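Fold and geometry: a report
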Amino acid sequence: MRVLVTGGAGYIGSHTTLALLEAGHDVLVVDDLSNSSEESLRRVTELTGRTPGFVKANVRDEAALDAAFAGFTPDAVIHFAGWKAVGESTQIPLTYYRENLGSTFTLLEAMAKHGCHRIVFSSSATVYGDMSEPPFTEDAPTGATNPYGRTKHMIEQILQDVAAADPSLTVGVLRYFNPIGAHESGRIGEDPKGIPNNLLPFVAQVAAGRREKLMIFGDDYPTPDGTGTRDYIHVVDLAAGHLAALGKLAEASGYHVWNLGTGNPTSVLDIVKAFEKASGITIPYQIVARRPGDVASSYADPTKANAELGWSARLTIDDACADAYRWQSSNPNGFADA
Ligand code: UFG
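Let me begin by describing the structure that accompanies this report. Owing to the predicted nature of the structure, the values given are computational and were not obtained by experimental measurement.

This part is about the overall build of the protein. Check the secondary structure of the protein and you find 11 helices and 14 strands. The globule rule puts the C-alpha radius of gyration for 338 residues at 20 Å, and the 19 Å found for the protein is close to it. Burial analysis of the protein (338 residues in total) assigns 52% to the buried set. Of the contacts made within the protein by residues no fewer than 6 positions apart, 80% connect residues no fewer than 24 positions apart. Within the structure as shown, the protein displays about 13900 Å² of accessible surface, and the carbon and sulfur contribution to it stands at 50%. Counting 27 positive and 40 negative side-chain charges, the protein places the centres of these two groups 4 Å from one another.

Before going further, it helps to examine the pattern of salt bridges. Enumeration over the complete set of coordinates arrives at 15 salt bridges. For D26, the salt bridge is made with R50, and the minimal N-O distance between the two is 2.8 Å. Residue D26 is located in strand 2 (residues 26-31), and its partner R50 is located in the loop between helix 2 (39-48) and strand 3 (53-56); the two are separated by 24 residues in the primary sequence. Of the residues examined, D26 reaches a relative accessible area of 31% and is grouped as partly exposed. Measuring nitrogen to oxygen at the nearest pair gives 3.1 Å for the salt bridge that ties D294 to R291.

What follows deals with the nonpolar core. Of all hydrophobic cores here, the largest spans 38 residues; its most connected members are L20 and L260. For this core, the element with the most residues is helix 8 (residues 235-251), which contributes 8 residues. Not counting chain neighbours up to four residues away, the residues in contact with L260 comprise L174, R175, Y176, F177, I233, L238, G241, H242, A305 and W311. Core analysis: the next-biggest nonpolar cluster, separate from the first, contains 26 residues, F69, V77, I119 and L159 among them.

Moving on, we get to the sheet that holds strand 11 (residues 254-260). Judged by pairing direction, the sheet is parallel, and its 7 strands sit side by side in the order 3-2-1-4-5-6-11 without closing on themselves. Lying at the two open borders of the sheet, with one neighbouring strand each, are strand 3 and strand 11. Strand-to-strand, the axes of this sheet are offset by a mean angle of 20 degrees, without reference to chain direction. Where strand 6 (residues 170-176) and strand 11 come together, 7 bridges link them in parallel fashion. Bridged to T170 within strand 11 is G254. Of the strands in this sheet, strand 5 (118-124), strand 6 and strand 11 are in contact with helix 6 (residues 147-165), which crosses strand 5 at around 155 degrees.

What the 3 strands build is an open sheet, ordered 12-9-14; its pairing is mixed. Each having just a single partner strand, strand 12 (266-267) and strand 14 (297-298) make up the two edges of the open sheet. With 2 bridges joining them, strand 9 (residues 229-230) and strand 14 adopt parallel strand pairing. Looking at strand 14, one finds that T229 is bridged to S297.

By secondary structure assignment, the location of V77 is in strand 4 (residues 76-79). Note: C-alpha distance between V77 and L4 (73 residues apart in sequence) is 4.8 Å. If sequence neighbours within four positions are ignored, V77 has contacts with L4, F69, L107, M111, C116, R118, I119 and V120.

Per the counting criterion, the structure on display carries 5 aromatic pairs. Seen in terms of ring centroids, W83 and Y96 are 5.7 Å apart; in terms of plane orientation they differ by 75 degrees. Their pairing is edge-to-face. Of this pair, W83 sits in the loop between strand 4 and helix 4 (86-91) while Y96 sits in helix 5 (residues 93-114), placing them 13 residues apart in sequence. Arranged with centres 6.2 Å apart and planes meeting at 25 degrees, the rings of Y128 and F177 form a pair that is stacked. Taken as a pair, Y128 in the loop between strand 5 and helix 6 and F177 in the loop between strand 6 and strand 7 (178-180) lie far apart in primary sequence, 49 residues in all. Looking at R2, its charged tip hangs above the ring of F72, at a distance of 4.5 Å from the centre. The lysine or arginine in question, R290, covers the ring of Y221, its NZ or CZ lying 4.0 Å from the ring centre.

Cut-offs used in this document
Residues numbered from 1 in each chain as written. Predicted model: local features only at pLDDT ≥ 70, side-chain atom pairs only at ≥ 80, totals over all residues. Heavy atoms only, no water. Helix = DSSP H or I, 4+ residues; strand = E, 2+ residues; numbered from the N terminus. Rg over C-alpha atoms; globule rule 2.2 N^0.38 Å. Buried < 20%, exposed > 50% of the residue type's maximum accessible area, 1.4 Å probe, protein only. Contact = heavy atoms within 4.5 Å. Areas by Shrake-Rupley, 256 points an atom, 1.4 Å probe, with all protein chains shown as cover. Lys, Arg positive; Asp, Glu negative; His and termini not counted. Charge placed at Lys NZ, Arg CZ, Asp CG, Glu CD. Salt bridge = Lys/Arg side-chain N within 4 Å of Asp/Glu carboxyl O. Core = buried A, V, L, I, M, F, W, Y, C linked by side-chain atoms within 4.5 Å. Pairing = 2+ DSSP bridges. Axes fitted to C-alpha atoms, helices over the stretch in contact; angles between N-to-C directions. Phe/Tyr/Trp six-rings, centres within 6.5 Å; stacked < 30°, edge-to-face > 60°. Lys NZ or Arg CZ within 6 Å of the ring centre and 35° of its normal.

Following this line, the structure appears as structure tokens:
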């Protein structure tokens, strides 16, 4: 299959590009490198012996996208590109709406123009918010509590409307829980710019000596140890979920939503312990106030993806911590070390 991957140089995008190439698909990455590095794609080539096509462009750039579709004639699209920091989205909401919604419009129009009828979209478990209790099934109520989450929720609705209007279009929305870990080679991984917002890269940077200690945001949640629980999923399992979804869309029609998660809640303190075990390094931490907007617990009911995609998460939290540590310790400054 010929797959156009927006945001393919990023964290989840690069692991999925690698999996696509390994499975024999052809890939064209469209990425503006605003929050990623072309070095990730060079390493994907090193690991697979295959080179993905690459167009450095913002997905909102109609002319660049038109040329990419005309030259590559993709059978399917995976749409990762987007701005993704919850806190930042409350500071610059217009940027989030412009980039995340605008890129989706441009992409859907290019697909229609060039006769591409299959799209997999990166959504987020953030759409479940705190409207119901986990484990979340795909038919749980959805909404959002911040501009980032609203862009994901709005794009889901837009895709549903567009699929309803165009019976030739097949849409797979993947609601990711918390992606962690890295490729087992330690050659590609998560490379956040500045201070990491997310737990795993922060812990990894504490282990690597780049940060003094972890701040744990609250230990008074109604969870077994009082710290927040999440459904952490290894990024390699997540990448495999995209291939399973692409395969399913080839034989399906209409609009589909699948949770990609393990179904297991893991606490912040569990993650600290697992990372200490994987690295042999003690992670200093301090309990501080809850982070505004955090929910106590979020985890998937992955039954639908298990049944319909024939996919399930295989790797453990221990695997993810070992892989994240291998990536962080061999690339202390991420791809900037290259
Ligand atoms: N946490 C800390 N200290 C930190 C960072 C995080 O204690 O320095 C805690 C959080 O309070 C939370 C857990 O670690 O309990 C996980 O936090 P993350 O920021 O790693 O992940 P979130 O669940 O908050 O956010 C993730 C994605 C979002 C997405 C959201 C819901 O980053 O894009 O899941 O799906 F919106």
